[in-house]
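Examining the three-dimensional arrangement
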Amino acid sequence: MKRHIPNAITCCNLMSGCVAIFFALCDQFTAALAAIIAGAVFDFFDGMTARLLGVSSPIGLELDSLADVVTFGVAPSMMLFNQMHECSVVSLARTLDTPDCSSWSLLVLYVPFLAFLMAAFSALRLAKFNLDTRQKLGFIGLPTPANALFWGSFIVAWGKKVLVFPSILPILLVMMLLSCYLLVSEIPMFALKFKTWGWKGNEVKWLFLLSCVPLVTFLGWGSLSVIVAWYVLLSILTQKHAE
């Protein structure tokens, strides 16, 4: 019976991703982000449970990746698609009021579909992670849960506010492409895995965790996007320092 427990937890991750997609389709972004966070919690505990019970298996690894694609790839892509779709509609409405409006202006309505590139790159990142033996103690590239939490938090924090910016659609597109690059990049990023709990040897990890406390306190939901951005920046800075 115990060998099925980790896979059951992984399935809870998958179900959380499906719930997140549903809420994203309904424009209920806060609920979608909550479901993604729940998926991240299940994702953390499935591997830990498998190791504690001594029941790690190849099928568990494959199931974990499939669940992660849904929760941390498709769900945030759906949230971003809806956000970009609203921006494209507003952008088109502004264009219709100008003399230079043409049939080409309608192409802006198709731009939001590019958001699903992020789902594809998330799947690619997970496939690479399963085969990359260098990522036992750290990560190479941005982990998919971190990317999903960034976008979920960013969309919840900004929501309708971004619609007032005329050029927000290309900005979101560039940010999305940057996320795709970070997912499959060769940038080393630290993992929050502690062999010992002391300060020595864990300076970067403790600095990161301690700096997250005021961010969560003052920024609420929006803190997750700032925390992930800080995580990427700190990883890059510590890599350059090591070199």
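Look up: the structure comes first, before these words.
So, a few notes on the structure that sits alongside this text. (Residues numbered from 1 in each chain as written. Predicted model: local features only at pLDDT ≥ 70, side-chain atom pairs only at ≥ 80, totals over all residues. Heavy atoms only, no water.)

1. Some remarks on the overall build of the chain
- Of regular secondary structure, the chain possesses eight helices and two strands.
- By the compact-globule yardstick of 18 Å for 243 residues, the chain fits well, its C-alpha radius of gyration being 19 Å.
- Taking the principal axes of its C-alpha atoms as reference, the chain extends roughly 65 × 45 × 35 Å.
- A separation of at least 24 residues holds for 77% of the contacts in the chain among residues at least 6 apart in sequence.
- Of the roughly 13,100 Å² of accessible surface on the chain, 74% is carried by carbon and sulfur atoms.
- Distance between charge centroids for the chain: 10 Å, based on 15 positive and 13 negative side chains. (Helix = DSSP H or I, 4+ residues; strand = E, 2+ residues; numbered from the N terminus. Rg over C-alpha atoms; globule rule 2.2 N^0.38 Å. Contact = heavy atoms within 4.5 Å. Areas by Shrake-Rupley, 256 points an atom, 1.4 Å probe, with all protein chains shown as cover. Lys, Arg positive; Asp, Glu negative; His and termini not counted. Charge placed at Lys NZ, Arg CZ, Asp CG, Glu CD.)

2. A short note on the pattern of salt bridges
- As enumerated under the stated definition, the model contains two salt bridges in all.
- The salt bridge partner of Glu 186 is Lys 128, with a shortest N-O separation of 3.7 Å. Placement of Glu 186 in the loop between helix H6 (168-184) and strand E2 (188-190) and of Lys 128 in helix H4 (residues 117-131) is noted, with a sequence separation of 58 residues between them.
- Accessibility expressed as a relative area gives 47% for Glu 186, which makes it partly exposed.
- A salt bridge links Arg 134 to Glu 186; the shortest N-O distance between them is 3.0 Å. Of the two residues, Arg 134 sits in the loop between H4 and strand E1 (138-140) while Glu 186 sits in the loop between H6 and E2, which places them 52 residues apart along the sequence.
- One continuous salt-bridge network, built from bridges that share partners, spans Lys 128, Arg 134 and Glu 186. (Salt bridge = Lys/Arg side-chain N within 4 Å of Asp/Glu carboxyl O. Buried < 20%, exposed > 50% of the residue type's maximum accessible area, 1.4 Å probe, protein only.)

3. Looking at the packing of aromatic side chains
- Summed over all chains, the structure comprises 12 aromatic pairs.
- Measuring from centroid to centroid gives 5.6 Å for Phe 190 and Phe 208, while their planes differ by 75 degrees, and the two rings are edge-to-face. Of this pair, Phe 190 sits in strand E2 while Phe 208 sits in helix H7 (residues 203-219); the two residues are 18 residues apart in sequence, bridging distant segments of the chain.
- A residue is classified by how much of its surface remains accessible, and Phe 190, at 13% relative accessible area, is buried.
- An aromatic cluster is defined as three or more aromatic residues linked by ring pairs; in this entry it consists of Phe 150, Trp 151, Phe 154 and Trp 158. (Phe/Tyr/Trp six-rings, centres within 6.5 Å; stacked < 30°, edge-to-face > 60°.)

4. Here we look at the packing of helix H1 (residues 5-25) against helix H2 (residues 29-53)
- Where H1 contacts H2, the axes come no closer than 8 Å and their chain directions differ by 170 degrees. By the angle class used here, H1 and H2 are roughly antiparallel.
- Grouping the constituent residues of the contact of H1 with H2 by class yields 18 nonpolar, five polar and two charged. (Axes fitted to C-alpha atoms, helices over the stretch in contact; angles between N-to-C directions. Parallel < 35°, antiparallel > 145°, perpendicular 65-115°, else oblique. Nonpolar A, V, L, I, M, F, W, Y, C, P; charged D, E, K, R; others polar.)

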